[in-house]
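Working through the structure, step by step
The chain contents come next:
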Amino acid sequence: MPKVSEEHRTARREEIVQAAMRRFAIKGFEATSMADIIAESGLSAGAIYGNFTNKADLIGRTVTSMLGRRVEDFEREIAGVGVLSPADMVAIFLRGTPAEFDPRLLAQLWATAAVDDNLRGFADQIVARIRSTFRTYIQRWYDETRPGHEPSDVDSVAIACVGLCQGFIIQSAVVASFDGEGYIAAAASVLPH
């Protein structure tokens, strides 16, 4: 039997993740079965279970992958721009978020994580990564614009930025009349700039 390259395995996992995201967005985590994901992907059950242990593993890795890509894109977007205010960082993060993934998926993760310890671990990792990213760039902004600031200022603003991002995602997922640009403007008004 020929060896399967790591590139092939990575591509196969991505194919499964994309199929899972489509099904989760339509039916939700709870109502989507592994059989639904198998059918959506067009792959065999062995191909799915060879890459993911169960549905919880697939959910966690799907959302982690999705948000990981968003954080990487966000870092690329702001890396060459210079020092940005927290308000500008949040605006950039939020404007790119709907293009990266369906917000209903993340809203479902948070709801499910409230009652599922395994998914709570994935949610913790995601929030920690986003907060760390914001914290790094907020630290630079404070160092340049407000020398002598308190270290707690950076942490407080990073926590607020993550909370504002979560609020945007939840509202865009569940509020039919949600105004994304209005939300971004309101967020900017409460963050340092």
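Relevant structure appears above.
In what follows, the accompanying structure is described. Every residue gets a number counted from 1 within its own chain, in the order that chain's sequence is written. Reporting of local features is limited, given that this is a predicted model, to residues whose pLDDT is at least 70; pairs of side-chain atoms are given and counted only at 80 or more, and all residues count toward the totals for whole chains, interfaces and linings. The side-chain quantities take in all heavy atoms of the structure and omit both hydrogens and water.

1. A look at the overall build of the protein
Of the regular secondary structure elements, the protein holds 9 helices and 0 strands. The helix count covers DSSP runs of H or I at least four residues long, the strand count covers runs of E at least two residues long, and both are numbered beginning at the N terminus. When its helices and strands are written in sequence order, the protein yields α-α-α-α-α-α-α-α-α. Here the C-alpha coordinates of the protein stretch approximately 60 × 40 × 30 Å along the principal axes. Only protein chains enter the accessibility calculation, which uses a 1.4 Å probe; a residue is then buried when its area is under 20% of its type maximum, exposed when over 50%, and partly exposed in between. Sorting the 193 residues of the protein into buried and exposed places 44% on the buried side. Throughout, a residue-residue contact means that at least one pair of heavy atoms, one from each residue, lies within 4.5 Å. Of the contacts formed within the protein by residues at least 6 apart in sequence, a portion of 67% connects residues at least 24 apart. Taken as a whole, the protein presents about 9700 Å² of accessible surface, with 54% of it coming from carbon and sulfur. Think of it this way: Lys and Arg go in the positive column, Asp and Glu in the negative one, and His and the chain ends go nowhere. A charged residue contributes its charge at one atom only: NZ of Lys, CZ of Arg, CG of Asp or CD of Glu. Counting 20 positive and 25 negative side-chain charges, the protein places the centres of these two groups 6 Å from one another. Computed with a 1.4 Å probe, the accessible areas rest on the Shrake-Rupley method; for each residue, only the protein chains presented here act as cover.

2. Concerning the packing of helix H4 (residues 55-79) against helix H5 (residues 86-100)
At a minimum axis distance of 10 Å, the contact between H4 and H5 shows a crossing angle of 135 degrees. The angle between H4 and H5 falls in the class oblique. Relative to H5, the crossing made by H4 is right-handed. Mapping the contact onto sequence places Arg-69, Arg-70, Val-71, Asp-73, Phe-74, Glu-77 and Ile-78 in H4 and Met-89, Ile-92, Phe-93, Gly-96, Thr-97 and Glu-100 in H5. Looking at the contact of H4 with H5 residue by residue, the classes come out as 6 nonpolar, 2 polar and 5 charged. Axis angles are defined between N-to-C directions and span 0 to 180 degrees, where every axis is a line fitted to C-alpha atoms and, for a helix, only to the segment in contact. Here the angle decides the label: under 35 degrees means roughly parallel, over 145 means roughly antiparallel, 65 to 115 means roughly perpendicular, and every other value means oblique. Should the near helix be turned anticlockwise from the far one by less than a right angle, the crossing is left-handed, and should it be turned clockwise, the crossing is right-handed. Each residue receives one of three labels: charged for Asp, Glu, Lys and Arg, nonpolar for Ala, Val, Leu, Ile, Met, Phe, Trp, Tyr, Cys and Pro, and polar for the others, Gly being one of them.

3. As for the pattern of salt bridges
In what follows, salt bridge is the name for a side-chain nitrogen of Lys or Arg lying within 4 Å of a carboxyl oxygen of Asp or Glu. If you walk through the whole model with that rule in mind, you get 14 salt bridges. A salt bridge links Glu-6 to Arg-9, with the nearest nitrogen and oxygen atoms 3.0 Å apart. One end of the pair, Glu-6, and the other, Arg-9, are both in helix H1 (residues 6-31), 3 residues apart, so they sit about a helical turn from each other. For Arg-23, the salt bridge identified is with Glu-40, shortest N-O distance 3.6 Å. Taken together, the positions of Arg-23 in helix H1 and Glu-40 in helix H2 (residues 34-41) put the pair 17 residues apart, joining distant regions of the chain.

4. Structural notes on the nonpolar core
The biggest cluster of nonpolar side chains holds 60 residues, and the ones touching the most others in it are Leu-109, Phe-134 and Ile-138. Top contributing element to this core by residue count: helix H7 (residues 117-145), with 11 residues. Beyond its immediate sequence surroundings of up to four residues, Phe-134 is in contact with Phe-74, Met-89, Val-90, Phe-93, Cys-161, Val-162 and Cys-165. Put simply, a nonpolar core is a bunch of buried Ala, Val, Leu, Ile, Met, Phe, Trp, Tyr and Cys residues held in one set by side-chain atoms that sit within 4.5 Å of each other.

5. A look at the packing of H7 against helix H8 (residues 151-174)
It is the contact of H7 with H8, at a shortest axis distance of 8 Å, that shows an interaxial angle of 130 degrees. In terms of orientation, H7 and H8 fall into the oblique class. At the point where H7 passes H8, the crossing takes the right-handed sense. Residue-level inspection shows Val-127, Ile-130, Arg-131, Phe-134, Arg-135, Ile-138, Gln-139 and Tyr-142 of H7 in contact with H8, the latter providing Pro-151, Asp-153, Val-154, Asp-155, Val-157, Ala-158, Ile-159, Cys-161, Val-162, Cys-165 and Gln-166. Of the residues in the contact of H7 with H8, the class split is 13 nonpolar, 2 polar and 4 charged.

6. Quick look at the packing of aromatic side chains
Any Phe, Tyr or Trp ring, taking Trp's six-membered ring, that has another such ring centre within 6.5 Å forms a pair; planes under 30 degrees apart are called stacked, those over 60 apart edge-to-face, and the others tilted. If you walk through the whole model with that rule in mind, you get 8 aromatic pairs. Geometrically, the ring pair formed by Phe-168 and Phe-178 is edge-to-face, given 5.2 Å between the ring centres and 80 degrees between the ring planes. With Phe-168 in helix H8 and Phe-178 in the loop between H8 and helix H9 (180-190), the pair connects residues that are 10 residues apart, well separated along the chain. What makes Phe-168 buried here is its relative accessible area of 4%. Three or more aromatic residues joined by ring pairs form one cluster here, namely Phe-74, Phe-93 and Phe-134. The ring of Phe-93 carries Arg-70 above its face, with NZ or CZ at 5.1 Å from the centroid. Working rule: Lys NZ or Arg CZ, within 6 Å of ring centre, within 35 degrees of ring normal, means a charge sits over the ring.

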